[in-house]
Structure formats: structure tokens, C-alpha cells
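Observations on chain architecture
What follows is the residue order along each chain.
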Amino acid sequence: MFKIVITFKRRQGMSQQEFMDYRRKVHAPLLFNIPEAKLIRRFVVSYPVPAPGFPEPSYDAVVEGWFDSLEDIDALYSSENFRTKVDPDHVNFIDMSTVGRIISKETVVVE
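Okay, so let's go over this structure. The structure displayed is predicted, hence computed values, not measured ones. (Residues numbered from 1 in each chain as written. Predicted model: local features only at pLDDT ≥ 70, side-chain atom pairs only at ≥ 80, totals over all residues. Heavy atoms only, no water.)

1. Brief notes about the nonpolar core
- Judged by nonpolar contacts, the single largest core of 20 residues is most densely connected at Phe8, Leu31, Ile34, Phe67 and Leu76.
- Not counting residues up to four positions away in its chain, the partners in contact with Leu31 are Ala37, Ile40, Phe43, Leu76, Phe82 and Val86. (Core = buried A, V, L, I, M, F, W, Y, C linked by side-chain atoms within 4.5 Å. Buried < 20%, exposed > 50% of the residue type's maximum accessible area, 1.4 Å probe, protein only. Contact = heavy atoms within 4.5 Å.)

2. Quick look at the pattern of salt bridges
- Enumeration over the complete set of coordinates arrives at 6 salt bridges.
- Residue Arg10 pairs with Asp60 through a salt bridge whose shortest N-O separation is 2.8 Å. With Arg10 in strand β1 (residues 2-10) and Asp60 in the loop between β2 (42-46) and β3 (61-67), the pair connects residues that are 50 residues apart, well separated along the chain.
- Linked by salt bridges that have partners in common, Lys3, Glu64 and Glu106 make up one network. (Salt bridge = Lys/Arg side-chain N within 4 Å of Asp/Glu carboxyl O. Helix = DSSP H or I, 4+ residues; strand = E, 2+ residues; numbered from the N terminus.)

3. Some details on helix α2 (residues 70-77)
- Considered for burial, the residues of α2 that qualify are Asp72, Ile73 and Leu76. Angularly, the buried residues of α2 cover 105° about the axis, an arc narrow enough to put them on a single face.
- On its buried side, α2 packs onto β1, α1 (16-32), β3, α3 (80-86) and β4 (94-104). (Arc of directions from axis to C-beta.)

4. What to know about the side chain of Lys3
- The residue Lys3 is located in strand β1 in this model.
- Within polar-contact distance, the side chain of Lys3 engages the side chain of Glu64 at 2.8 Å.
- Among the polar contacts made by the side chain of Lys3, one reaches the side chain of Glu106 at a distance of 2.7 Å.
- The contacts of Lys3, once residues within four sequence positions are left out, are Glu64, Gly65, Trp66, Ile102, Ile103, Ser104 and Glu106. (Polar contact = N/O pair within 3.5 Å; in protein donor to acceptor, adjacent residues only side chain to side chain.)

5. Thoughts on the sheet that holds β2
- Pairing is antiparallel across the open sheet formed by 4 strands, whose spatial order is β2-β3-β1-β4. Of all strands in the sheet, those with a lone pairing partner are β2 and β4, marking the two edges. Across the sheet, the mean angle separating the axes of adjacent strands is 15° when strand polarity is ignored.
- One ladder, built from 7 bridges, connects β1 with β3; its direction is antiparallel. Counterpart to Lys3 in the pairing with β3 is Trp66.
- Sheet strands in contact with α1 are β1, β2 and β3, and its direction is about 165° off that of β2. (Pairing = 2+ DSSP bridges. Axes fitted to C-alpha atoms, helices over the stretch in contact; angles between N-to-C directions.)

6. Digging into the environment of Arg41
- Topologically, Arg41 is positioned in the loop between α1 and β2.
- Accessibility expressed as a relative area gives 46% for Arg41, which makes it partly exposed.
- Considering only alpha carbons, one finds Arg41 and Leu31, 10 residues apart in sequence, at a separation of 14 Å.
- Excluding residues that lie within four positions of it along the chain, Arg41 makes contacts with Met1, Trp66, Phe67 and Asp68.
- A polar side-chain atom of Arg41 sits 2.8 Å from a polar atom in the side chain of Asp68.

Quick look at the structure:
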């Protein structure tokens, strides 16, 4: 199983709640309505919560998507549907200069 991890900050001028609502109500349907989304085995979005004693978070969200293969990751992100229907929407809620990505294979240390 392979995973893509994406980190980013919200677009300037958006509150955290507006950012979360937009991602859930507008952006997620764009992604999950394209046929290639069936390649995603698991999808998780994490948002920071106030945590006394810990520094200010570096991101406003972390997205994790699990796939069976590297080819499936590529098939989703290089698809015409993703490039024309999903990707153009990112600028509406993400500061694109803050996006970080890694493709990984998990090593479970504690379960």
C-alpha cells in the first residue's frame, strides 16, 4: 500500500472554518465524483486543534490518501478529470505556495 501525504495552509483571508467547510462541501465532491477516485483506498483529512504547550501548527490541513500502487496514484493525479475538474479548484481555498507532498510506504511501529 502506498500513501500520498499533502500539507498546506489555507488561502489568505479565509477563516479556518470557511476553509474546512469549503474543502468538505465544495472540493471533496469534485474529487469523489470523478471515476478515478475509485483508486483511492482510504482518504483522511486532519486539521489542527489547540494544543497547549505545543507550537503553532505549520499547516492548516494534512491530507492522506492510500492507494494500491504508485501507478494508481499517477493514474488519479495525471487523469484529465483531475487536471480539469479538481486541480483548478485548489487555488480557491489553498495557498499554493505552501503545498508539500510526499509519496510514502508506511512502516507501522505501534498498533
